[in-house]
Amino acid sequence: MTETVLAILNRPSLDAPAHDPAADAFEFAGPVEAHIAVTDLGITRGDGIFETITVTDGRPQALEAHLARFARSAQMLDLPAPDIDAWRRAIEAAVAELDPVEEAFAKTTLSRGVEGSGRPTGWVYAAPSGDSTEARTAGIAVVTLDRGYRHDVARTSPWLLQGAKTLSYALNMAAVREAERRGADDAIFVSTDGYVLEAPRANVIAAIDGRLVTPRTDIGILPGTTQADIFRFAAERGIDTAFELLTVADIRSADALWLASSVRGAAPIRTLDGAPHAIDRDLSDAINAFLHDRTE
Ligand code: PLP
């Protein structure tokens, strides 16, 4: 067992040739050594996709939902379809190799590969997660940022790849830095026509009149695996849920707000654009306990 694990897929997609026809589906490799060619399109153009799967007490969470979204992202980028069985086995093997820790993550990456090779590159990297306790309990400060697109961009301009989990996260990280410059921890993107979209690395969930509401997923945002499991939690508790178009005014007046994502879980929002926002500590704790205790 080791602290970090790297598994490189020999044949990330059955639609493309294997890197080595005689080799196994994946092999472990030294995580800090160089493995990616400088001409890999994942590096040179951000042309690829990824998933980050949280692992609690050795259990990969929402694995099938992540794999399904991985396949969906590949389809949106016209990448060769990932061999889901091989990826599942590589993820499970990488996680099994990790030193036992309460919270870890497994990140899957599939790039278009070395330019001209016609062979995608794929790997799974697993490592312990940072401590998210403070974000889950004390909450986070969030600012709204203009995304620069209308909310119907996925329909009008699918080549913008909104809603795919691509390797092109430079702008997502720029938005987080902008939030930090404004004294906040994170951001919520808003469409040019005034609708709440998502955070750069998370989905938005609002408690409104006793319901949990999240933005519709047809507006160029990622369908969140954590959001889906929070709605499962709500269903078990008899709390109604809905996918709706939400405005900034809607979330400002919500009874409670969270950013939901795989590693951080449900982070309650304690200030929105500098204004204090109420936190429902009991509900936050119950959601995070539910997420932590998932068995699949
Ligand atoms: N939206 C974006 C843009 C993300 O990058 C992420 C996760 O990284 C999410 C939403 C939340 O997805 P999940 O809950 O599946 O981690």
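In what follows, the structure referred to is the one given above.
Undergrad: Residue-level account of the nonpolar core, with values.
TA: In terms of nonpolar packing, the biggest core is built from 26 residues, with Leu 9, Ile 49, Trp 87, Ile 91, Ala 106 and Val 124 touching the most fellow members. Where this core is concerned, the elements lending two or more residues are β1 (5-9), β3 (48-56), α2 (63-76), α3 (84-97), β5 (103-111) and β6 (121-128). Here this core gets 6 residues from one element, more than from any other, and that element is α3. What Val 124 contacts, discounting residues up to four positions off in sequence, is Val 5, Leu 6, Ala 7, Leu 9, Trp 87, Ala 90, Ile 91, Ala 94, Ala 106, Lys 107 and Thr 108. The next biggest cluster of nonpolar side chains, apart from the first, holds 22 residues, and it includes Ile 140, Ile 188, Ala 202 and Leu 257.

Undergrad: Explain the pairing of β1 to me, and be specific about the residues and the numbers.
TA: Burial runs high along β1: 4 of the 5 residues are buried. Bridging between β1 and β6 involves 4 bridges; their strand directions are antiparallel. Counterpart to Leu 6 in the pairing with β6 is Tyr 125. With 4 bridges connecting them, β1 and strand β2 (residues 26-29) associate as antiparallel partners. In the sheet register, Leu 6 faces β2, and the bridge partner there is Ala 29.

Undergrad: Kindly report on the site of the ligand, identifying the contributing residues and their values.
TA: Within the structure, the ligand sits among 17 residues, and Lys 165, Tyr 169, Thr 225, Thr 226 and Ser 262 are positioned closest to it. Thr 225 places a polar side-chain atom, nitrogen or oxygen, 2.6 Å from an oxygen atom of the ligand. Interatomic distance of 2.6 Å between a side-chain N/O atom of Thr 226 and an oxygen atom of the ligand. A total of 390 Å² of accessible area belongs to the ligand in isolation, and the protein chains cover 95% of it. Looking at the shell around the ligand, the elements that each hand over two or more residues are α2, α7 (225-237) and β12 (256-261). Among the residues forming the shell around the ligand, the class breakdown is 6 nonpolar, 7 polar and 4 charged.

Undergrad: Go over the environment of Gln 61 with me, naming the residues and quoting the values.
TA: Within the secondary structure, Gln 61 is located in the loop between β4 (59-60) and α2. Setting aside chain neighbours within four positions, we find Gln 61 in contact with Ile 53, Thr 54, Thr 56, His 66, Leu 291, His 292, Arg 294, Thr 295 and Glu 296. Here Thr 56 takes part through its side chain, which lies 2.6 Å from a polar atom of the side chain of Gln 61. Of note is the side chain of Gln 61, whose polar atom sits 2.8 Å from the backbone oxygen of Arg 294.

Undergrad: An account of the packing of aromatic side chains is requested, with residue identities and associated values reported.
TA: With the rule as written, the count across this model stands at 6 aromatic pairs. Taking 5.0 Å as the distance between ring centres and 80 degrees as the angle between the ring planes, the aromatic pair formed by Phe 50 and Tyr 169 counts as edge-to-face. One end of the pair, Phe 50, is in strand β3; the other, Tyr 169, is in the loop between α5 (153-156) and α6 (170-181), with 119 residues separating them in the sequence. Per residue, the accessibility class of Phe 50 equals that of Tyr 169, and both read buried. Here Phe 70 and Trp 87 contribute two aromatic rings whose centre-to-centre distance is 4.9 Å and whose plane-to-plane angle is 75 degrees, an arrangement assigned as edge-to-face. With a gap of 17 residues between them, Phe 70 in helix α2 and Trp 87 in helix α3 connect regions that are remote in the sequence. We note that Phe 70, like Trp 87, is buried. Residue placement shows Arg 147 over the ring face of Phe 189; its charged tip is 5.0 Å from the ring centre.

Cut-offs applied
- Residues numbered from 1 in each chain as written.
- Predicted model: local features only at pLDDT ≥ 70, side-chain atom pairs only at ≥ 80, totals over all residues.
- Heavy atoms only, no water.
- Core = buried A, V, L, I, M, F, W, Y, C linked by side-chain atoms within 4.5 Å.
- Buried < 20%, exposed > 50% of the residue type's maximum accessible area, 1.4 Å probe, protein only.
- Helix = DSSP H or I, 4+ residues; strand = E, 2+ residues; numbered from the N terminus.
- Contact = heavy atoms within 4.5 Å.
- Pairing = 2+ DSSP bridges.
- Near = heavy atom within 4 Å.
- Polar contact = N/O pair within 3.5 Å; in protein donor to acceptor, adjacent residues only side chain to side chain.
- Areas by Shrake-Rupley, 256 points an atom, 1.4 Å probe, with all protein chains shown as cover.
- Nonpolar A, V, L, I, M, F, W, Y, C, P; charged D, E, K, R; others polar.
- Phe/Tyr/Trp six-rings, centres within 6.5 Å; stacked < 30°, edge-to-face > 60°.
- Lys NZ or Arg CZ within 6 Å of the ring centre and 35° of its normal.

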